[in-house]
Amino acid sequence: WEYLISSVKYAKGLRYVGLRDDGSAEIELEEGWCFVFGGDAVDKGGEVGGSIRVVKSLVDLKKRYPDRVTLVLGNRDVNKMGMTSE
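Now for a look at the structure at hand.

About the thresholds
Residues numbered from 1 in each chain as written. Predicted model: local features only at pLDDT ≥ 70, side-chain atom pairs only at ≥ 80, totals over all residues. Heavy atoms only, no water. Helix = DSSP H or I, 4+ residues; strand = E, 2+ residues; numbered from the N terminus. Buried < 20%, exposed > 50% of the residue type's maximum accessible area, 1.4 Å probe, protein only. Contact = heavy atoms within 4.5 Å. Core = buried A, V, L, I, M, F, W, Y, C linked by side-chain atoms within 4.5 Å. Arc of directions from axis to C-beta. Salt bridge = Lys/Arg side-chain N within 4 Å of Asp/Glu carboxyl O. Pairing = 2+ DSSP bridges.

1. Describing the overall build of the protein
Reasoning step 1: Per the secondary structure count, the protein includes three helices and four strands.
Reasoning step 2: Starting at the N terminus and walking to the C terminus, you meet the elements of the protein as α-β-β-β-α-β-α.
Reasoning step 3: Counting all 86 residues of the protein, 35% fall into the buried class.
Reasoning step 4: Across the protein, every contact between residues at least 6 apart in sequence was considered, and the portion connecting residues at least 24 apart equals 55%.

So, in structure tokens, the structure goes:
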């Protein structure tokens, strides 16, 4: 969680607005920028409940900017969802 927040604060193209009531971060994407998250969001949690806050923040960003945000699932994300491979 701390890693996500610090990364957003230092990133060009992203702006950290603040915390929402549910504990997730409100993040804005600057005009003309795209954002690709490379997976394993559940490894970025840190403190207790941090992984849920990271995922909520990223999903909210995707909902707000659907054509400019791409979220890639990593193997740990898929494993946390209870999926199995054949």
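The discussion continues.
2. Examining the nonpolar core
Reasoning step 1: Of all hydrophobic cores here, the largest spans 15 residues; its most connected members are Leu14, Phe35 and Leu61.
Reasoning step 2: Those elements giving two or more residues to this core turn out to be helix 1 (2–10), strand 2 (25–29), strand 3 (35–37) and helix 2 (50–64).
Reasoning step 3: For Phe35, the contacting residues outside a window of four places in its chain are Leu14, Leu29, Leu58, Leu61, Arg68, Val69 and Thr70.

3. Quick look at helix 1
Reasoning step 1: Within the span of helix 1, buried status applies to Leu4, Ile5 and Val8. The buried side chains of helix 1 occupy one side of the element, clustering within an arc of 95 degrees when seen end-on. Away from its buried face by more than 90 degrees, helix 1 exposes Tyr3 and Tyr10.

4. Quick notes on the pattern of salt bridges
Reasoning step 1: In this structure the tally under the stated criterion is four salt bridges.
Reasoning step 2: Notably, a salt bridge pairs Glu28 with Arg15, separated by 2.8 Å at the nearest N-O pair. With a gap of 13 residues between them, Glu28 in strand 2 and Arg15 in strand 1 (residues 14–19) connect regions that are remote in the sequence.
Reasoning step 3: The class of Arg15 is partly exposed, set by a relative accessible area of 39%.
Reasoning step 4: Between Arg64 and Asp60 there is a salt bridge; the shortest N-O distance is 3.8 Å. On the criterion of helical spacing, the pair formed by Arg64 and Asp60 is a turn pair, its members being four residues apart in helix 2.
Reasoning step 5: Here the residues in one salt-bridge network are Arg20, Asp60 and Arg64, joined through shared partners.

5. What to know about the pairing of strand 2
Within a regular strand, the side chains alternate between the two sheet faces.
Reasoning step 1: With burial as the criterion, only one face of strand 2 is covered, namely that bearing Ala25, Ile27 and Leu29; the residues Glu26 and Glu28 on the opposite face remain uncovered.
Reasoning step 2: Summarising the sheet, strand 1 and strand 2 pair through five bridges and their orientation is antiparallel. Residue Gly18 lies in a different strand from strand 2, and its bridge partner there is Glu26.
Reasoning step 3: Between the end of strand 1 and the start of strand 2, which pair antiparallel, lie five residues, with Gly23 showing a positive phi angle near 95 degrees.

Spatial relationships are all this shows, so hold off on functional conclusions.
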